[in-house]
Amino acid sequence: MKYRVLIVDDEPGIRQALKQVLEYEKLQVKVTASGGEALTLYADFHPHLVFLDVKMAGLDGLDTLTRIRKLDPGAQVVMISGHGTIATAVEATQRGAFDFLEKPLDTDRLLVTVRNALAHADLVNENTRLRQANERRFLMVGDSPALEQVRQLIAKVGPTPARVLITGENGTGKELVARGLHEASPRRDRPFVEVNCAAIPSELIESELFGHMKGSFTGAVADRAGKFEQADGGTLFLDEVGDMSLSVQAKLLRVLQEGMVTRIGGSKAIQVDVRVLAATNKDLDEEIAAGRFREDLLYRLNVVPIEVPTLGERPEDIPALVAHFVDQLSGGGVPRRRFSVDAIKELQNRSWPGNVRELRNAVERALILGSGKIIGPEDIVQLLPNGTAPKSRDNRSSDGPSPKRRKR
């Protein structure tokens, strides 16, 4: 890739000298003599780096800098001036300038600044790309009333410090709700730490959550911070909290009450500022009745309940979900195919006990095993013969009744 550089200076000699140096470095360079022309040129040229003179007739450099940053908050701008002062440099930095150089320009310092600015531009672009990819990955897709109700709850509860208990069947997207709450909160730029309580052996979950000191048990070869400490200032998501042992539940309750964590084998309590979100596919009232879950812990976790709808409760979202999964899965050896309207209807007429996760797997299978560019209803019947069964009017699969819905 050839980096693009825009030079904005009302002195022809400066423009030409700077252009020659940068073109020698294999950069694509354009020049202009005024801030107004620079703003017009910026949108088409979209430079990776701008050299901008401070003192110019008409629109001066600082005002041009402000307007460029409004056009592109990630713009990398280096201010240049023959009358530089500390006050001007400070103001330029406050307005978003990457650096400030004084005339006459020293070539070595200039080239170092160019390399640093372009490296920073690459980092900003990569962070933006990763954030966008992350947002697409954890996107809640669909416009159904059931999903819209969840979104409204996220918008209301997200900005608060309230703990939330997210319930729903497996594969409905409870993690997406947790991430949505985190992104809607003032903690969005702090860590989001996830713990799957069902996936960690019971003898290790306490160490995973609260940390341990070296030598506190066999295999503890070094001090280790737990997930609470790692999430300090951010959000801790306890997935499948209903699978947590009673002994760990007791310690978790104490941490929620006191906001202090003590590592295994440690004597010093560590204060943590963590917002706890929890999720489960179990009926915790039944777990309490069976003596497997603490009632007082439920009250601590369940300040605001959010129940995630099953896919069967929002079949109108299936077309959007299929399109999303096609975009997400195509590439890397998986061919891109289009689902016909009748194929979508066939998917909508089926039960999905595995919910959105099962639908995603079905789309991936169709993309890989489909024979043509368009997936038709016959492909769905052929590729998913023994998977999801057609829905009957009472929304039950041919294998028996659907799982009992959790009490709201």
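Residues numbered from 1 in each chain as written. Predicted model: local features only at pLDDT ≥ 70, side-chain atom pairs only at ≥ 80, totals over all residues. Heavy atoms only, no water.

(A) Fine view of the pattern of salt bridges. Using the criterion set out here, one finds 21 salt bridges in the structure. The residue Glu175 makes a salt bridge to Arg179 at a minimum N-O spacing of 3.0 Å. Placement of both Glu175 and Arg179 in helix 7 (residues 174-183) is noted, with a separation of four residues, approximately one turn of the helix. Residues joined in a network through salt bridges with shared partners are Asp9, Glu11, Asp53 and Lys103. (Salt bridge = Lys/Arg side-chain N within 4 Å of Asp/Glu carboxyl O. Helix = DSSP H or I, 4+ residues; strand = E, 2+ residues; numbered from the N terminus.)

(B) The arrangement of the pairing of strand 8 (residues 235-239) in detail. Here strand 8 lies mainly inside the structure; five of its five residues are buried. Judged from the four bridges that link them, strand 8 and strand 11 (residues 275-280) form a sheet pairing that is parallel. Bridge assignment links Thr235 to a residue of strand 11, and that residue is Arg275. (Buried < 20%, exposed > 50% of the residue type's maximum accessible area, 1.4 Å probe, protein only. Pairing = 2+ DSSP bridges.)

(C) Examining the packing of helix 13 (residues 318-329) against helix 15 (residues 355-369) more closely. Where helix 13 contacts helix 15, the two axes come as close as 10 Å, and the packing angle between them is 55°. By the angle class used here, helix 13 and helix 15 are oblique. Helix 15 is crossed by helix 13, and the crossing has right-handed handedness. Contacts between helix 13 and helix 15 involve Ile318, Leu321, Val322, Phe325, Val326, Gln328 and Leu329 on the former and, on the latter, Val356, Leu359, Arg360, Val363, Glu364 and Leu367. For the contact of helix 13 with helix 15, a count of residues per class yields 10 nonpolar, one polar and two charged. (Axes fitted to C-alpha atoms, helices over the stretch in contact; angles between N-to-C directions. Parallel < 35°, antiparallel > 145°, perpendicular 65-115°, else oblique. Left-handed = near helix turned anticlockwise from the far one by under 90°. Contact = heavy atoms within 4.5 Å. Nonpolar A, V, L, I, M, F, W, Y, C, P; charged D, E, K, R; others polar.)

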